[in-house]
Structure formats: C-alpha cells, structure tokens
Amino acid sequence: IFYSMGGSEWEKDFGFLSENHECKWVQKKDSNLEASFYGWSLDGVSECNDGKVTQVMIYRNGQNGTIPSEIQYLTHLTHLDFALGSLYGTIPVEIGNLTNLQYLSLASNNLSGTVPKELLNLKDLCEFSHNHFSTRISVSCAFFLMV
C-alpha cells in the first residue's frame, strides 16, 4: 500500500514501515467533526481483531499511484477507505476476493476502467463517485452512489 500509493508523499505516514506491528500504524483524526461524521476516530490501520487488520482508512492524505493487487492478502478486511486522493488506474479485481469487506470508498480519485462485479454486491456501503469508470454502476451498491 505504502509504495504503490505514494506513501513517501503522504501528509501523514501513520508509522508505515516502522518496526511497530501493523495494528499500531494509526493516527488520531484532527477533527472531531470528521470523526463523528464517519464514526471512526483513527486513520491508517485503524482496527485489528486478534492481530488481523480489519480496517484501513487512508483518505484525504495525498495518496497517489495505483491500488495494489496485494490488498487481497488482508483477508480479514471489513472497511477500506482510499477516498479523496489522486489514485489512478483500475480497481484490482483481487479486491473481489475480500469476502469480509463491508465498506469500501474509492470516491474522488482518478480511477478508470470497470468496477469488479463482486464489489457491487457489498452488504453495507460503497462509494465510487467522482472517478472515470467506463461502465455505469448499479445503485444497489449504496444509497448515496453518484455516477
């Protein structure tokens, strides 16, 4: 994630590449309003369960580059937020292998191509708006999708 998404240019690095366990790669949000809106109080690897990463929240942080296909190895991931960046390229189809994923936001980037069909069946919320996808996205994915 760090190298593929321009981590050396991020506003906050969350301790990525440190000797700390990845469950310690976090930083408190700067704004209580933002935290209460999203319901999360940490950015980075914001939650772990039994030492397994379940939430990665890296948004509005200067992220750029591509989403790595290796994201598929975070098999316990339930929440993934890479919104409000300058990510480009396609969404790796391997994200569809994340069977525990409940929330995904890739909004407001420069992504293109098609959205893997597996992601359109997320149980809770997903947000793909303000990108350059070539196919129309079904509204069944989330109540606030804008295409």
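Before reading further, recall that the structure is shown in the block above.
Residues numbered from 1 in each chain as written. Predicted model: local features only at pLDDT ≥ 70, side-chain atom pairs only at ≥ 80, totals over all residues. Heavy atoms only, no water.

Undergrad: Tell me what's going on with the overall build of the chain, and back it up with residues and numbers.
TA: Each helix and strand counted, the chain has 1 helix and 10 strands in total. Counted from the first residue to the last, the chain has its helices and strands arranged as β-α-β-β-β-β-β-β-β-β-β. Across the chain, every contact between residues at least 6 apart in sequence was considered, and the portion connecting residues at least 24 apart equals 34%. Of the accessible surface of the chain, which amounts to about 7,900 Å², a share of 49% is contributed by carbon and sulfur atoms. (Helix = DSSP H or I, 4+ residues; strand = E, 2+ residues; numbered from the N terminus. Contact = heavy atoms within 4.5 Å. Areas by Shrake-Rupley, 256 points an atom, 1.4 Å probe, with all protein chains shown as cover.)

Undergrad: Pulling in residues and values, what's your account of the side chain of D81?
TA: When you line up the elements, D81 lands in strand β5 (residues 79-81). Among the polar contacts made by the side chain of D81, one reaches the main-chain amide nitrogen of A83 at a distance of 3.0 Å. When near neighbours in sequence (up to four residues on either side) are disregarded, D81 contacts V56, M57, I58, Y59, Y103 and S105. (Polar contact = N/O pair within 3.5 Å; in protein donor to acceptor, adjacent residues only side chain to side chain.)

Undergrad: So what about the sheet that holds strand β10 (residues 132-133)? Which residues, and what values?
TA: The 4 strands are arranged β4-β6-β8-β10 in an open sheet whose pairing can be described as parallel. Each edge of the open sheet carries a strand with a single partner, namely β4 (64-65) and β10. Here 2 bridges tie strand β8 (residues 110-113) to β10, and the two strands are oriented parallel to one another. For S112, the partnering residue across the bridge sits in β10 and is H132. (Pairing = 2+ DSSP bridges.)

Undergrad: Requested: an account of the pairing of β8, with residues and values cited.
TA: Summarising the sheet, strand β6 (residues 86-89) and β8 pair through 2 bridges and their orientation is parallel. If you follow G89 over to β8, its bridge partner there is L111.

Undergrad: Give a description of the side chain of N131 that names residues and reports values.
TA: If you trace the backbone, N131 turns up in the loop between β9 (125-127) and β10. Among the polar contacts made by the side chain of N131, one reaches the main-chain amide nitrogen of N109 at a distance of 3.3 Å. In this structure the side chain of N131 is engaged in a polar contact, spanning 3.0 Å, whose partner is the backbone oxygen of F128.

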